[in-house]
Amino acid sequence: MDKLILVGSKISGDSIQGSLGKPEYSYYFLMRDFIPALQRLGTVVEVSTLEEVDELFERHDALGREVVFLSFSPPQQTPLGLRCPTVAVFAWEFDSLPSVAWDSNPQNDWRYAFARMSGAISTSREAAALVEEAAGARFPVVALPAPVWDRHAGLGSPEGVPLSLGDRQFSFRGVVIDSPILGLSADGLVRKPEPVPAELPADPEPVQVVEGRFAQSWQLSKALLRGWWAEVRQPLQPACEAEHAVEASSVKSPPEREEEPARSIRVDGVVYTTILNPADSRKNWVELITAFCWAFKETEDATLIVKMTHHDLEYYRIVLMTLLSRLAPFRCRVLVLHGFLEDSQYRELIDASTYYVNASSGEGLCLPLMEFLSAGRPAIAPVHTAMADYVDERLAFLLKCSPEPFCWPHDPTGIFMTHRHRLNWQSLMEAYKTSYEVATADPWRYRQMSAHAFAKMRAFASVEAVAAPLDEFLEKIMKEPVRQVGRQLDRSSAP
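The structure contained in this document is the topic of the report that follows. (Residues numbered from 1 in each chain as written. Predicted model: local features only at pLDDT ≥ 70, side-chain atom pairs only at ≥ 80, totals over all residues. Heavy atoms only, no water.)

Regarding the overall build of the protein
For step 1, the next point in the chain: Counting its regular elements, the protein contains 15 helices and 17 strands.
For step 2, the next point in the chain: In the protein, buried positions account for 55% of the 495 residues.
For step 3, the next point in the chain: Across the protein, every contact between residues at least 6 apart in sequence was considered, and the portion connecting residues at least 24 apart equals 77%.
For step 4, the next point in the chain: Carbon and sulfur atoms make up 52% of the accessible area of the protein, which amounts to about 22700 Å² in all. (Helix = DSSP H or I, 4+ residues; strand = E, 2+ residues; numbered from the N terminus. Buried < 20%, exposed > 50% of the residue type's maximum accessible area, 1.4 Å probe, protein only. Contact = heavy atoms within 4.5 Å. Areas by Shrake-Rupley, 256 points an atom, 1.4 Å probe, with all protein chains shown as cover.)

Take a look at the structure:
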């Protein structure tokens with residue numbers, strides 16, 4: 001009788017489009033990518049409630065069937081006290097684990113959580129070593145990446161992807177902010193000093209005679225003023241809450257909008273792509289854009305595509321428009337996409353891209369980077385946290401970083417208890433320039449980097465590479481007598 005493997009995530013397939021940018025939204029994608037490997041090991045059932053977990057466990061355990069529950073969530077959110085053996089599958093990007101039970105919740109101390117679950121799967125070797133140190137050598141833990149290679153290998157080749165700098169296109173349904181058609185100018189940011197009113201006045205009636213570039217400048221200035229006014233009236237937040245501030249804004253549902261037809265977006269030249277959550281302070285998206293515009297200020301055939309994973313355009317629009325206006329004029333192209341990418345559209349985006357760019361201060365895994373590498377697209381990226389498991393100089397232009405104090409992202413106190421990796425902006429700008437030279441003048445080197453990316457990800461993150469150690473780990477979880485006794489003891493003391 002094969003194993004019954006229950007899987008669950010806070011976000012489901014039905015809610016993912018409205019959950020982009022919210023805390024733990026990426027765990028849905030992590031769960032989805034693990035399922036093909038899990039299906040090789042047994043029957044996989046996605047559950048939506050804890051009651052369903054124990055009900056299925058009791059029914060199949062009585063028949064002598066092995067059952068395990070994989071909770072795709074950080075340890076402080078992993079359900080404890082279930083009858084079913086429970087494993088946390090999580091990503092972590094810092095050099096220490098939470099060890100303080102703030103908010104009177106003992107589970108915020110991850111040592112407490114590990115003592116009350118059957119095992120853990122970390123997506124990086126660094127985090128797995130931290131778990132072993134915190135929970136003890138007998139605690140079952142394994143480092144496994146999401147097996148993404150198989151889904152994207154069709155876009156790559158063992159010989160490397162032939163370089164294409166000609167006209168390409170991809171389809172997208174959503175909001176597109178395209179720098180060449182915005183009429184960007186720093187003049188739009190300058191206004192004569194005026195007394196600040198108690199409340200912003202309503203929009204004036206449109207002036208019919210205002211046309212062309214002046215009209216665009218006026219609209220931009222008005223939008224920036226309103227955005228600035230909204231920002232200064234908001235209370236300050238601790239620095240470490242920045243990437244989770246969106247959770248509060250999620251109470252407000254986005255306005256209903258008619259389904260827009262997918263549009264075809266054309267690109268050419270050297271195309272850099274990045275996918276990020278603008279509410280996540282790790283991603284350094286402002287530095288990523290400024291370094292690009294500075295490196296290619298006079299270069300027309302360089303394009304940066306920034307796919308924002310956030311449900312609310314207004315969360316970052318004013319910051320983005322202000323940034324682009326301050327950088328103007330520049331001849332390169334910045335293309336910002338806001339909306340949900342269907343799988344077919346995502347494949348088209350990968351196919352149109354020359355490089356993937358990651359300038360993060362820390363990653364628990366970085367699925368987009370792994371997916372682009374699996375498709376044979378070289379990258380610009382640092383070598384730290386989870387990326388140290390698969391990024392090297394043969395498939396990427398490496399960025400320099402240095403450690404700096406930081407806080408655990410969900411710690412409400414904001415106390416510096418860990419470190420992140422501070423980006424060296426100059427190295428990012430130079431990586432842009434070097435990668436551009438390779439793409440335009442050294443196609444052989446580009447193809448070699450592409451071939452190495454394809455081969456590295458096949459060995460690291462294919463279903464075949466992940467399934468065997470995953471099976472060995474689950475066998476240990478479900479058969480080890482010591483852990484079974486441990487679970488019985490834990491249930492008696494679980495909250």
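Still to come is the rest of the account.
Considering the packing of aromatic side chains
Between two aromatic rings, the relevant description is the distance of the centres plus the angle of the planes.
For step 1, the next point in the chain: Here the structure, examined in full by the defined rule, presents 24 aromatic pairs.
For step 2, the next point in the chain: Ring centres of Tyr28 and Phe29 lie 5.4 Å apart, and the angle between their planes is 70 degrees; this geometry places the pair in the edge-to-face category.
For step 3, the next point in the chain: On the accessibility criterion, Tyr28 (15% relative accessible area) is buried.
For step 4, the next point in the chain: Seen in terms of ring centroids, Phe292 and Phe296 are 5.1 Å apart; in terms of plane orientation they differ by 65 degrees. Their pairing is edge-to-face. (Phe/Tyr/Trp six-rings, centres within 6.5 Å; stacked < 30°, edge-to-face > 60°.)

Details of the pairing of strand E3 (residues 67-72)
For step 1, the next point in the chain: Counting buried residues in E3 gives six out of six residues, a clear majority hidden from the surface.
For step 2, the next point in the chain: With burial as the criterion, each face of E3 is covered, one bearing Val67, Phe69 and Ser71 and the other bearing Val68, Leu70 and Phe72.
For step 3, the next point in the chain: Pairing analysis gives six bridges linking strand E1 (residues 3-9) to E3, with the strands arranged parallel. Pairing of Gly8 across the sheet is with Ser71, part of E3.
For step 4, the next point in the chain: Bridge count between E3 and strand E4 (residues 86-90): four bridges; the pairing is parallel. When the sheet's bridge partners are listed, Ser71 is paired in E4 with Ala88. (Pairing = 2+ DSSP bridges.)

Section: the pattern of salt bridges
For step 1, the next point in the chain: Summed over the entire model, instances satisfying the criterion amount to 20 salt bridges.
For step 2, the next point in the chain: Here Arg59 makes a salt bridge to Glu55, at a shortest N to O gap of 3.2 Å. Here Arg59 and its partner Glu55 are both found in helix H2 (residues 50-61), four residues apart, which amounts to about one turn of the helix.
For step 3, the next point in the chain: By relative accessible area, Glu55 is classed as partly exposed at 47%.
For step 4, the next point in the chain: Residues participating in the shared-partner salt-bridge network are Lys3, Asp471 and Glu475. (Salt bridge = Lys/Arg side-chain N within 4 Å of Asp/Glu carboxyl O.)

Overview of the nonpolar core
For step 1, the next point in the chain: Formed by 90 residues in total, the largest nonpolar core has its most connected members in Phe34, Leu70, Phe170, Leu369, Tyr390 and Leu474.
For step 2, the next point in the chain: Top contributing element to this core by residue count: helix H1 (residues 26-39), with nine residues.
For step 3, the next point in the chain: Among residues more than four places away in sequence, those in contact with Phe34 are Phe72, Val89, Leu144, Pro145, Ala146, Pro147, Val466 and Leu470.
For step 4, the next point in the chain: Of all hydrophobic cores here, the second largest spans 46 residues; its members include Val175, Val270, Leu313 and Cys332. (Core = buried A, V, L, I, M, F, W, Y, C linked by side-chain atoms within 4.5 Å.)

Quick look at the sheet that holds E4
In sheet architecture, strand pairing relies on hydrogen bonds along the backbone and comes in two forms, parallel and antiparallel.
For step 1, the next point in the chain: Strand order in the open sheet made by the six strands is E2-E1-E3-E4-E5-E6, with parallel pairing throughout. Each edge of the sheet is formed by a strand with only one pairing partner; in this case those strands are strand E2 (42-46) and strand E6 (141-143). Geometrically, the sheet is characterised by an average inter-axis angle of 20 degrees between neighbouring strands, direction not taken into account.
For step 2, the next point in the chain: Strand contacts of helix H4 (residues 125-135): E4, strand E5 (119-122) and E6, with the helix running at about 165 degrees to E6, the strand carrying the most contacts. (Axes fitted to C-alpha atoms, helices over the stretch in contact; angles between N-to-C directions.)

Some remarks on helix H10 (residues 343-352)
For step 1, the next point in the chain: Those residues of H10 not exposed but buried are Gln345, Tyr346, Leu349, Ile350 and Ala352. Each buried residue of H10 lies within a common arc of 165 degrees when the element is viewed along its axis, so the set occupies one face.
For step 2, the next point in the chain: Looking at the buried positions of H10, the neighbouring elements they touch are helix H5 (149-152), strand E7 (168-172), strand E9 (263-267), strand E10 (270-276), strand E11 (302-308) and helix H11 (367-374). (Arc of directions from axis to C-beta.)

Concerning the side chain of Arg65
For step 1, the next point in the chain: With respect to the element layout, Arg65 can be found in the loop between H2 and E3.
For step 2, the next point in the chain: Polar contacts involving the side chain of Arg65 include one to the side chain of Thr43, which spans 3.2 Å. (Polar contact = N/O pair within 3.5 Å; in protein donor to acceptor, adjacent residues only side chain to side chain.)

Observations concerning unusual backbone geometry
For step 1, the next point in the chain: A cis amide bond links Ala328 with the next residue in sequence, Pro329, at an omega value of 0 degrees.
For step 2, the next point in the chain: Along the polypeptide, Pro329 turns up in the loop between helix H9 (317-327) and strand E12 (333-338).
For step 3, the next point in the chain: Of note in this structure, Ser104 is not a glycine but carries a positive phi near 55 degrees.
For step 4, the next point in the chain: Position of Ser104 among the secondary structure elements: in the loop between E4 and helix H3 (110-114).
For step 5, the next point in the chain: A positive phi is found at Asn284, a non-glycine position, where the angle reads about 55 degrees.
For step 6, the next point in the chain: Following the sequence through the fold, Asn284 ends up in the loop between E10 and helix H8 (285-295).
For step 7, the next point in the chain: Judged by its relative accessible area of 14%, Asn284 is buried.

Structural notes on a nonpolar patch on the surface
For step 1, the next point in the chain: Nonpolar side chains collect at one region of the surface, where Val100, Ile415 and Met417 lie side by side and expose about 240 Å² of accessible area between them.
For step 2, the next point in the chain: Among the secondary structure elements, Met417 is positioned in the loop between strand E16 (401-406) and strand E17 (418-423). (Patch = residues over 30% accessible without salt bridge, like charges linked within 9 Å, V, L, I, M, F, W, Y side chains within 5 Å.)

Some points on the sheet that holds E10
For step 1, the next point in the chain: The mixed open sheet is built from seven strands, whose spatial order is E8-E12-E11-E10-E13-E14-E15. Only two strands of the sheet have a single neighbouring strand rather than two, namely strand E8 (175-178) and strand E15 (396-399). Here the average twist between neighbouring strands, direction ignored, is 25 degrees.
For step 2, the next point in the chain: As paired strands, strand E14 (residues 379-382) and E15 are joined by four bridges and run parallel to one another. Counterpart to Ala381 in the pairing with E15 is Leu398.
For step 3, the next point in the chain: Packed onto the sheet, H8 meets E10, E11, E12 and strand E13 (355-357) and runs at close to 165 degrees relative to E11.
For step 4, the next point in the chain: Packing against the sheet, helix H12 (residues 425-441) makes contact with E10, E11, E13, E14 and E15, and its axis sits at approximately 165 degrees to E15.

Read these as layout, nothing more, since geometry by itself doesn't imply function.
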